[in-house]
Amino acid sequence: MEDQTSNAAVTYSAYLKIDELLALQQPRSTGPEHDEMLFIVIHQVYELWFKELLHELDHVMALLTADDSARAQHTLKRILTILKVLVAQLDILETMTPLEFLSFRARLEAASGFQSDQFRQIEFLLGAKTPTAVQRFAAGSRARQALERRYVAPTLWDAFLQYLSREGYAIGSHLTRDVTTAIEPDADIQAILITIYRRDPKNAELCERLVDLDEGFQEWRYRHVKMVERTIGAKPGTGGSSGAAYLRTTLGKNLFPDLWEIRGRL
Ligand code: HEM
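The following refers to the structure shown. These numbers come from a predicted model, not from an experiment. Here the residue numbers are simple positions, counted from 1 along each chain's written sequence. Where totals are concerned, whole chains, interfaces and linings use all residues; where local detail is concerned, this predicted model gives features only for residues with pLDDT of at least 70, and gives and counts side-chain atom pairs only at 80 or more. Each side-chain value is worked out from all heavy atoms of the structure, with water and hydrogens disregarded.

## Brief notes about the overall build of the protein chain
Just so we agree on the cut-off: Working definition: helices are DSSP H or I runs of at least four residues, strands are E runs of at least two. Numbering for both runs from the N terminus. The buried label applies to any residue whose accessible area, calculated with a 1.4 Å probe on protein chains only, is under 20% of its type's maximum; exposed applies above 50%, and partly exposed to all values in between.
Along the backbone of the protein chain there are 13 helices and 0 strands. Helices and strands appear in the protein chain in the N-to-C order α-α-α-α-α-α-α-α-α-α-α-α-α. With the C-alpha coordinates aligned to their principal axes, the bounding extent of the protein chain is approximately 65 × 60 × 35 Å. Counting the 266 residues in the protein chain, one finds 44% classified as buried.

Here it is, written out as structure tokens:
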């Protein structure tokens, strides 16, 4: 509904809060070092896309809950397009050489993408939940509250199983699974998915979009590790981990294992 309460004309900069936005890039290095601006801008842009991704992922869950699979698929396509942009953005950061990064790295102190609560929120929504990721944030903070909420909330996979159940598939006890635990492969769900792929094109398409999402998220992880390797080699991360060695342990883990398990049997 249109806002009738204000007489001031809406302008581009007022609506988008451009002055506030442009005041948010504050390098810490002296000079400041040229490349720190890129580093700040790219992280801020990522956080904005993470915000939009969460907005759209919550929407997909609501649409599945409303049995609106057509719009859920439409929204998933938007999410996948954003993911492609997220991956492509790493190309920009890879134009920064190791020495250019070193020119300001010490000023980051312990700051790291490791502490991105929105990234953890996305992981939680997609089913990759770890209680330690919640505890890393100060009690009562916005980040901690958001993660606590998402930790106990159903995941996208749970919303999908609930939807399939209403579509007539016998999902059984999985409908009441403990949503804080990992999504484990399951023979009964796999049998249902095989039936869907063979006989139910509408829901098979939905499954394919979830595989796209899973693959797209893993693609980001892989490209991020390679970028880290070429920028800092085997050095430890600013966030306190072993760096690339830690990041490599996060690769190759499927979010929705059943959708991958069945592919050799179709
Ligand atoms: C020069 C650029 C970058 C370097 C060298 C770098 C390095 C690292 C390292 C070493 C880690 C492991 C944790 C630690 O000990 O710090 C990490 C984690 C992470 N970084 Fe980056 N990073 C870079 C850019 C980015 C960008 C642009 C983003 C976008 C938001 C990002 C997001 C993340 C996330 C979300 C994690 C946690 C991953 C996980 O725990 O699975 N990083 N990064």
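## Considering the coordination of the iron atom of the ligand
The cut-off we apply is this: Donors, by definition, are the N, O and S atoms found within 2.8 Å of a metal, the threshold being 3.2 Å for Na, K and Ca, and water is not counted, so a site can look incomplete.
With respect to protein ligation, the iron atom of the ligand binds only His 224 (NE2), at 2.2 Å. Summarising the element assignment, His 224 is placed in helix α11 (residues 201-232).

## A look at the site of the ligand
Filter applied, for reference: Only heavy atoms are used to decide nearness, and a residue is near a molecule or strand if one of them lies within 4 Å of it. N or O atoms closer than or at 3.5 Å make up a polar contact, with two conditions inside protein: a donor-capable atom paired with an acceptor-capable one, and, for residues adjacent in sequence, both atoms drawn from side chains. Amino acid classes used here: Ala, Val, Leu, Ile, Met, Phe, Trp, Tyr, Cys and Pro are nonpolar; Asp, Glu, Lys and Arg are charged; the rest, including Gly, are polar.
With respect to spatial proximity, 28 residues lie near the ligand, and among them Ser 112, Arg 120, His 224, Ser 241 and Tyr 246 are the closest. Ser 112 is positioned such that a nitrogen or oxygen atom in its side chain is 2.7 Å from an oxygen atom of the ligand. At a separation of 2.9 Å, a nitrogen atom of the ligand approaches a polar side-chain atom of His 224. For the shell around the ligand, the secondary structure elements donating two or more residues are α3 (36-65), α6 (117-125), α11 and α12 (244-248). Across the shell around the ligand, the residue classes break down as 14 nonpolar, 12 polar and 2 charged.

## A look at the nonpolar core
Selection rule: Nonpolar cores are built from buried Ala, Val, Leu, Ile, Met, Phe, Trp, Tyr and Cys residues. Side-chain atoms within 4.5 Å join them into one set.
One finds Leu 126, Leu 156, Trp 157, Phe 160 and Leu 193 to be the most contacted residues of the largest nonpolar core, which totals 63 residues. Going through the elements one at a time, α3, α4 (69-93), α5 (98-105), α6, α9 (156-166), α10 (187-199), α11 and α12 are the ones with two or more residues in this core. Among the elements that make up this core, the one with the highest residue count is α11 (12 residues).

## Let's talk about the pattern of salt bridges
Threshold: Definition used for salt bridges: Asp or Glu carboxyl oxygen within 4 Å of a side-chain nitrogen of Lys or Arg.
The tally for this structure, following the rule as stated, stands at 19 salt bridges. Put simply, Asp 117 and Arg 142 hold a salt bridge, and the shortest N to O gap is 2.8 Å. Of this pair, Asp 117 sits in helix α6 while Arg 142 sits in helix α8 (residues 142-152), placing them 25 residues apart in sequence. Here Arg 263 ties to Glu 208 by a salt bridge, and the two come within 2.7 Å at their closest N and O atoms. Of this pair, Arg 263 sits in the segment after α13 (257-261) while Glu 208 is found in helix α11, placing the two residues 55 residues apart along the sequence. Judged by relative accessible area, Glu 208 falls into the partly exposed class, the value being 23%.

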